[in-house]
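For reference, the chains in residue letters:
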Amino acid sequence: MDVTFVTSNPGKLAEVRRIFRPYGIQVGWSQQELPEPQAERLEDVVRAKLAAAARAGSGVVVEDSGMFVRALGGFPGVYSRYVLDTIGLDGVLRLAHGRSRAVQFRAVAGYRRGRTELYATGTVQGTLATRPRGANGLGYDPIFVPTGERRTFAQMDPAAKDARSHRGRAMRSLARKIRALEGT
Ligand code: IMP
């Protein structure tokens, strides 16, 4: 079966294609930046993205994610992209300097076919690295070390990241729900 992932981010597209493949779901790409409301919860952003994505057709997938630093009250959270684009990885590490390094990544994924909507969430706990390491992945991957690992996500091969990541968890859960809805 086919779905369309609406995102402007080719890195996310590559991950979702890989994660959906074992479920027999082919992922087309609608390359567009969906309007994001000023919201405090990823769930609210995804609901708005799904409504806006309806124009991309039926069987659409959207996703929103963020990194939440516990010692910074969950910042940058829903502002993760803005913060990365402005102060960058070094700026985030400076803000976190001298504080507890516990951090969580969260992804919320949504699917819409006709009037039916499905949602799934994935989280991964970890710590902030003291400096960026590795060249794989996207965004904050060079400074995110998942719990139980020494390597950052950017130092792992793609399959190792998918097995542990917030997106891997959210998208595997969404893929199972899509298959159940569509009768396999
Ligand atoms: P958004 O979901 O596109 O709003 O992404 C929020 C921010 O988090 C962007 O700056 C992304 O680069 C970053 N981000 C999203 N997913 C990941 C990930 O899997 N690893 C590291 N950074 C990510």
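The structure this text deals with has already been given above.
A brief look at the structure comes next.

What counts and how
Residues numbered from 1 in each chain as written. Predicted model: local features only at pLDDT ≥ 70, side-chain atom pairs only at ≥ 80, totals over all residues. Heavy atoms only, no water. Patch = residues over 30% accessible without salt bridge, like charges linked within 9 Å, V, L, I, M, F, W, Y side chains within 5 Å. Areas by Shrake-Rupley, 256 points an atom, 1.4 Å probe, with all protein chains shown as cover. Salt bridge = Lys/Arg side-chain N within 4 Å of Asp/Glu carboxyl O. Helix = DSSP H or I, 4+ residues; strand = E, 2+ residues; numbered from the N terminus. Pairing = 2+ DSSP bridges. Axes fitted to C-alpha atoms, helices over the stretch in contact; angles between N-to-C directions. Near = heavy atom within 4 Å. Polar contact = N/O pair within 3.5 Å; in protein donor to acceptor, adjacent residues only side chain to side chain. Buried < 20%, exposed > 50% of the residue type's maximum accessible area, 1.4 Å probe, protein only. Arc of directions from axis to C-beta. Expected span 1.5 Å × (residues − 1). Contact = heavy atoms within 4.5 Å. Core = buried A, V, L, I, M, F, W, Y, C linked by side-chain atoms within 4.5 Å.

### Overview of a nonpolar patch on the surface
Next up, step 1: The grouping of Phe75, Tyr79, Tyr82, Ile87 and Leu95 at the surface amounts to a nonpolar patch, some 480 Å² of accessible area in total.
Next up, step 2: Its location among the elements puts tyrosine 82 in helix α3 (residues 80-86).

### Remarks on the sheet that holds strand β5 (residues 116-128)
Next up, step 1: The strand order β2-β1-β3-β4-β5-β6 describes an open sheet built from six strands, whose pairing is mixed. Looking along the sheet, the strands with just one partner apiece sit at the ends: β2 (26-31) and β6 (144-146). Ignoring which end each strand starts from, the neighbouring axes of this sheet average 40 degrees apart.
Next up, step 2: Note that strand β4 (residues 102-113) and β5 share 12 bridges and pair antiparallel.

### What to know about the site of the ligand
Next up, step 1: Near the ligand, the surroundings consist of 15 residues, among which Lys12, Ser65, Asp141, Lys161 and Arg167 are the closest.
Next up, step 2: Within the backbone of serine 65, a nitrogen or oxygen atom sits 2.8 Å from an oxygen atom of the ligand.
Next up, step 3: Leucine 138 is positioned such that a nitrogen or oxygen atom in its backbone is 3.5 Å from a nitrogen atom of the ligand.
Next up, step 4: With the chains in place, 93% of the 490 Å² that the ligand exposes on its own is no longer accessible.

### Describing the pattern of salt bridges
Next up, step 1: Scanning the model with the defined rule gives 18 salt bridges in all.
Next up, step 2: The salt bridge involving arginine 47 is made with aspartate 44; its shortest N-O contact spans 3.3 Å. Taken together, the residues span about one helical turn, with arginine 47 and aspartate 44 both in helix α2 (residues 42-53) at a distance of three residues.
Next up, step 3: A residue is classified by how much of its surface remains accessible, and arginine 47, at 42% relative accessible area, is partly exposed.
Next up, step 4: Notably, a salt bridge pairs lysine 49 with aspartate 64, separated by 3.1 Å at the nearest N-O pair. One end of the pair, lysine 49, is in helix α2; the other, aspartate 64, is in strand β3 (residues 60-69), with 15 residues separating them in the sequence.
Next up, step 5: For aspartate 64, a relative accessible area of 6% corresponds to the buried category.

### Digging into helix α1 (residues 10-20)
Next up, step 1: Every buried residue of α1 is accounted for by Lys12, Leu13, Glu15, Val16, Ile19 and Phe20. Summarising the axial view, the buried residues of α1 lie within an arc of 165 degrees, below the 170-degree limit, and thus occupy one face.
Next up, step 2: By the N-cap criterion, in which a side-chain oxygen at the helix start approaches the backbone nitrogen of a residue two or three places on, α1 is capped by asparagine 9, the distance to glycine 11 being 2.9 Å.

### Some words on helix α6 (residues 166-181)
Next up, step 1: Here α6 contains 16 residues, and its C-alpha end-to-end distance of 23 Å stays within 8% of the 22 Å for a straight helix at 1.5 Å per residue.
Next up, step 2: Residues His166, Arg167, Gly168, Ala170, Met171, Ser173, Leu174, Ala175, Ile178 and Arg179 constitute the buried set of α6.
Next up, step 3: If you follow the buried residues of α6, they end up packed against α1, β3, β4, β5 and α5 (158-164).

### Some thoughts on the nonpolar core
Next up, step 1: One finds Phe20, Val61, Met171, Leu174 and Ile178 to be the most contacted residues of the largest nonpolar core, which totals 19 residues.
Next up, step 2: Listing elements by their share of this core, those giving two or more residues are β1 (2-7), α1, β4, β5 and α6.
Next up, step 3: The element best represented in this core is α6, accounting for five residues.
Next up, step 4: The contact partners of leucine 174, leaving out residues within four places of it in the chain, are Phe20, Val61, Ala109, Gly110, Tyr111, Leu118, Tyr119 and Ala120.

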